[in-house]
Amino acid sequence: MSKKTLHKLISARRVVQGVFAAAIYGALTLLQLPLLYILAAGAGLGLVFGKVFCRWMCPIGFVIEFLLRRKGNSAEQMYMYHKLGCPIAWVSGFLNRSSLFSIQRDFDSCTDCGLCDKTCYITSLNSEYSHFKPGKKSPVSAYSCSRCLECVSACPQNSLSYSLD
Ligand code: SF4
Ligand code: SF4
């Protein structure tokens, strides 16, 4: 996927999440799909994409993010929400460390401006983490990274990408 397409997708994330959330809610309520299937699919997606279910597909996540945004969407609330999670979040968050797709930084084009860290609720709250500072832990591998890709979107140099590891 080109960077331009990826950025368009990131800017449409809430729409994508809304569509998936409605489809999953419909499958559970109208089609009586067993919840276990959704749990298994959400956790399985973690193997490929990391913890994408929460911010791109989850009906509960869709509502919670809507409520947090109305209240100002503080980084702390978002961080706490993604630290707690549900069984899908627990499994897929653990898989953030080894998922096939991950957030990569191009060291050559990065200017160390720090905008990615300011955008991310993990790095903005916890100084142990940074996208670019040497000697810090990467937020991308953290359990609480919800693959919102806001760090990718924030980078003015296009130095961050979401691609095969
Ligand atoms: S926003 Fe981009 S250029 Fe700035 S520090 Fe982060 S990765 Fe580097
Ligand atoms: S995708 Fe980027 S901005 Fe979002 S939580 Fe993960 S590291 Fe932070």
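In the block above lies the structure referred to throughout.
Attention in this report is confined to the structure presented alongside it.

Cut-off values and rules
Residues numbered from 1 in each chain as written. Chains lettered and ligands numbered in written order. Predicted model: local features only at pLDDT ≥ 70, side-chain atom pairs only at ≥ 80, totals over all residues. Heavy atoms only, no water. Helix = DSSP H or I, 4+ residues; strand = E, 2+ residues; numbered from the N terminus. Buried < 20%, exposed > 50% of the residue type's maximum accessible area, 1.4 Å probe, protein only. Polar contact = N/O pair within 3.5 Å; in protein donor to acceptor, adjacent residues only side chain to side chain. Contact = heavy atoms within 4.5 Å. Expected span 1.5 Å × (residues − 1). Arc of directions from axis to C-beta. Salt bridge = Lys/Arg side-chain N within 4 Å of Asp/Glu carboxyl O. Axes fitted to C-alpha atoms, helices over the stretch in contact; angles between N-to-C directions. Parallel < 35°, antiparallel > 145°, perpendicular 65-115°, else oblique. Left-handed = near helix turned anticlockwise from the far one by under 90°. Nonpolar A, V, L, I, M, F, W, Y, C, P; charged D, E, K, R; others polar. Near = heavy atom within 4 Å.

What follows concerns the side chain of serine 146. With respect to the helices, strands and loops of the structure, serine 146 is situated in the loop between helix 8 (115-119) and helix 9 (150-154). Since its relative accessible area comes to 1%, serine 146 is described here as buried. Polar contacts involving the side chain of serine 146 include one to the side chain of tyrosine 121, which spans 2.8 Å. For serine 146, the residues in contact, after removing those within four places along its chain, are Lys51, Val52, Arg55, His82 and Tyr121.

Along its 15 residues, helix 3 (residues 35-49) runs 21 Å from first to last C-alpha, staying within 8% of the 21 Å computed at 1.5 Å per residue. Taken residue by residue, helix 3 has Ile38, Gly42, Ala43 and Gly46 as its buried positions. One side of helix 3 carries all its buried residues, which in axial view fall inside an arc of 125°. Those residues of helix 3 that are exposed and angled more than 90 degrees off the buried face are Leu36, Tyr37, Ala40 and Leu47. Buried residues in helix 3 make contact with helix 2 (13-29), helix 4 (53-56) and helix 7 (87-94).

Time to look at the pattern of salt bridges. Scanning all chains against the criterion turns up 7 salt bridges. Residues glutamate 65 and arginine 13 are paired through a salt bridge, measuring 2.5 Å at the closest nitrogen-oxygen approach. Remark: arginine 13 occurs in helix 2 and glutamate 65 occurs in helix 5 (residues 59-70); sequence separation between them is 52 residues. Arginine 13 shares its class with glutamate 65; the two are buried. Between arginine 55 and glutamate 65 there is a salt bridge, with the nearest N and O atoms lying 2.9 Å from each other.

This part takes up the packing of helix 3 against helix 7. Two numbers describe how helix 3 lies on helix 7: the axes approach to 8 Å, and their chain directions differ by 20°. The angle between helix 3 and helix 7 places the two elements in the roughly parallel class. Crossing hand, helix 3 versus helix 7: right-handed. Counted together, Ile38, Leu39, Gly42, Ala43 and Gly46 of helix 3 and Ile88, Val91 and Ser92 of helix 7 form the full contact between these two elements. Taken together, the residues that form the contact of helix 3 with helix 7 break down as 5 nonpolar, 3 polar and no charged.

So, on to the environment of cysteine 145. As for its position among the elements, cysteine 145 is in the loop between helix 8 and helix 9. Between the alpha carbons of cysteine 145 and glycine 44 there is a distance of 17 Å; along the sequence they are 101 residues apart. If sequence neighbours within four positions are ignored, cysteine 145 has contacts with Lys51, Asn96, Tyr121, Ile122, Pro139 and Val140.

The environment of ligand 2 is made up of Ile103, Cys120, Tyr121, His131, Pro139, Cys145, Ser146, Arg147, Cys148, Leu149 and Cys151. Per-class residue counts for the shell around ligand 2 are 8 nonpolar, 2 polar and 1 charged.

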